[in-house]
Amino acid sequence: MLRLRDVTLRAGRFRLHPVSLTVAAGDYFVLMGPTGSGKSLLVQAVCGLVRIESGSIAIDGKDVTAAEPRFRRVGYVPQTAGLFPHLSVAGNITFGLEVRGTGRRQALRKVAPIVQRLGVGHLMGRSTVNLSGGETQKVALARALACDPKLLMLDEPVSALDEPTRREICPLLNQVQRQFGVATVHVCHSREEAAALADRVGVMSAGRLVQTGSLADLAAHPAEEAVRRLLPKD
Amino acid sequence: MARDADDRSDRIHRPAGTRWHLLSVVSMSLLIVFACIIVVLIGSQVAYLVTHRVTPGAFLKILSSRAVLGGIRLSLITSLTTLVLVLIFAIPIGYALSRYRFPGRSVIETLVDVPIVLPPVVIGLALLAFFGTGLGGKVKEGLAGAGWTLTSAIGIVMCQFLVSISYCIRATKASFDAADRRLEKVALSLGCSPWGTFRRVTLPLARSGLLAGGIMAWARAIGVFGPLMVFVGTGPRVQVMPTAMWLELSVGNIEVAFAIALVSLAMAGAALAVVHWLVPGRTWT
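Colleague: How do you make sense of the nonpolar core when you look at a structure like this?
Modeller: Of all hydrophobic cores here, the largest spans 133 residues; its most connected members are V30(A), V46(A), A142(A), M153(A), V203(A) and C159(B). Residue contributions to this core peak at 13 residues, all from helix 8 (residues 153-178) of chain B. Once residues lying within four places of it in the same chain are set aside, the contact partners of A142(A) are I93(A), V111(A), I114(A), V115(A), L118(A) and V120(A).

Structure representation (structure tokens):
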């Protein structure tokens, strides 16, 4: 589904060293690493929001290295959720369909199953400004799924939430991902989050993807000190 | 007693736990004195009309005279035309200054600010010089060939445009700076083109600041005087409110000048009220 081959990029003084990664269709891949290790930059590179220096990115078998973000069919949820404050919840969720020329009514019909699955139907007429953290993330997820993406990139989608809300959202993410069968890359810092969600885990450190595998494998056989620090043996 | 003190504290929005000290006393006193000066200056114009027995009926009669009405109408037509032109130029320029890094950017930013620091009359002189020689002279001849002259609404709009656009560019740049770029990235990922992102996300996010900047530019444009005196003159066909005020004063019709001034004040007040209403976080309390 997602294949990165020797992707490098520069952002100011930060350098992403060649990253190669494959995420299979339907996989839930959790990308971990300390702050500043390059996780968010890699996510944005896959979305086409930052330009890579070298390497290639393929999604669903198609090389999208030079493609504009709108042609990649990647659903992106940033850490802050990034809801548009000038649009209602409904306007946010149907945004991606409307920009592709679908009328509001038809768009609302199309997103109805997603809205129902995420339990945000009662919020549709509301402004986004006074939503709770959990509601905000659900709306952002519904908006990303509404465009029928091939790949979902979630950049720390629950990091800013309190513990009870996180415990509510994580299983929902898992169920929704299984139901819609969309390959997902999820950035986080938390081992518990990774344990609850991941089919596979990748650890980044100082701009390098240092190890990938199952969480148990990484914890048992850390390739580097960075992995050991992030996933200490119990 | 303690409750009263707390209520007072809430009303003036002091941070909890702070006390009156020399800085707050001096700064608040100066603020109040300045506000009083403005109120006195405005009130004195009304007082002048009242003490010179200008009744509301006489006031309305002055305002409905052909010369005064013509001045107000031309001011509104030219300033609104200027506002449209200013927005057409200032929005893309403000966006470019906010979003793009390019060689010579600081030089261009300085040039954009020049009309703010120039004495307005210099802009009139510069226009005179430009249209008196070279390319400008040819443009002037071309316009004359088409039956247009610069000593008309065209010249007024040119002066108003040059005096006011820098204020609008500053405001639009600040609005675009404040618009969250992460939302633009989300819009791009959801299928928007760069233009679609600008239209559907960036512009609505910056809307309040853009409108406030436009209104400030309009208020600046409607008050332009010096450049008009130099470049357009004071003929009956080019009299806008500021030049009409000056002409009436120069022939001793002080009441008429004050009546026009009060109309200007009312317009400026309305513009400021709209700005206060539009700019987020500004309230009347």
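Colleague: Looking at this model, I keep getting lost on helix 6 (residues 163-180) of chain A. Mind explaining?
Modeller: Residues three or four positions apart in an α-helix share a direction because the helix packs 3.6 residues into each turn. All names here are of chain A. When the terminal C-alpha atoms of helix 6 are compared, their 26 Å separation across 18 residues agrees well with the 26 Å that a helix rising 1.5 Å per residue should span. Residues of helix 6 that are buried: R166, I169, C170, L173 and Q177. For helix 6, the angular spread of the buried residues around the axis is 110°, confining them to a single face. Facing away from the buried side of helix 6 by over 90 degrees, the exposed positions are P164, P171, Q175, R178 and Q179.

Colleague: Is there a simple way to explain unusual backbone geometry in this structure?
Modeller: Peptide bonds are mostly trans, and most non-glycine residues show a negative phi. Residue and element names in this part refer to chain A. Positioned with a positive phi, D6 is a non-glycine residue whose angle comes to about 50°. Mapped onto the elements, D6 comes out in strand 1 (residues 2-11). Even without a glycine there, the phi angle at A206 is positive, about 50°. Here A206 shows up in the loop between strand 9 (200-205) and strand 10 (208-213).

Colleague: Explain the interface of chain B and chain A here, please?
Modeller: You'll often see interface size given as the accessible area lost when the parts meet. Each partner contributes residues to the interface: chain B has 15 residues there, and chain A has 16 residues. For the side of chain B that touches chain A, the elements supplying multiple residues, two or more each, are helix 9 (181-189) and helix 10 (194-222) of chain B. The greatest single-element share of the side of chain B that touches chain A, amounting to six residues, is contributed by helix 9 of chain B. Broken down by class, the residue content of the side of chain B that touches chain A amounts to eight nonpolar, four polar and three charged.

Colleague: Looking at this model, I keep getting lost on the sheet that holds strand 9 of chain A. Mind explaining?
Modeller: Sheet strands pair via backbone hydrogen bonds, and the direction of the pair is either parallel or antiparallel. Residue and element names in this part refer to chain A. The sheet built from six strands is open, its strands ordered 6-7-8-3-9-10 with mixed pairing. This sheet does not close on itself; its edge strands, each paired only once, are strand 6 (74-77) and strand 10. Between one strand and the next, the sheet's axes are offset by a mean angle of 20°, whatever the strand orientation. Pairing analysis gives four bridges linking strand 6 to strand 7 (residues 151-155), with the strands arranged parallel. The partner of V77 across the bridge, within strand 7, is L154. Each of strand 6 and strand 7 touches helix 5 (residues 133-146); the most contacted strand, strand 6, lies at about 165° to it.

Colleague: What is the right way to look at the packing of helix 9 of chain B against helix 10 of chain B in this model?
Modeller: The description of two packed helices rests on the angle between their axes and on the distance between the axes. Residues and elements named next belong to chain B. Their axes nearest at 10 Å, the elements helix 9 and helix 10 cross at an angle of 160°. Between helix 9 and helix 10, the interaxial angle falls into the category roughly antiparallel. Here helix 9 runs over helix 10; the crossing is right-handed. For the pair helix 9 and helix 10, contact is made by L183, E184, A187 and L188 and by T197, R200, V201, T202 and L205, respectively. Looking at side-chain class alone, the contact of helix 9 with helix 10 contains five nonpolar, two polar and two charged residues.

The rules behind each value
- Residues numbered from 1 in each chain as written.
- Chains lettered and ligands numbered in written order.
- Predicted model: local features only at pLDDT ≥ 70, side-chain atom pairs only at ≥ 80, totals over all residues.
- Core = buried A, V, L, I, M, F, W, Y, C linked by C-beta atoms within 7 Å.
- Buried ≥ 20, exposed ≤ 12 C-beta atoms within 10 Å, placed from the backbone.
- Helix = DSSP H or I, 4+ residues; strand = E, 2+ residues; numbered from the N terminus.
- Contact = placed C-beta atoms within 7 Å.
- Expected span 1.5 Å × (residues − 1).
- Arc of directions from axis to C-beta.
- Nonpolar A, V, L, I, M, F, W, Y, C, P; charged D, E, K, R; others polar.
- Pairing = 2+ DSSP bridges.
- Axes fitted to C-alpha atoms, helices over the stretch in contact; angles between N-to-C directions.
- Parallel < 35°, antiparallel > 145°, perpendicular 65-115°, else oblique.
- Left-handed = near helix turned anticlockwise from the far one by under 90°.

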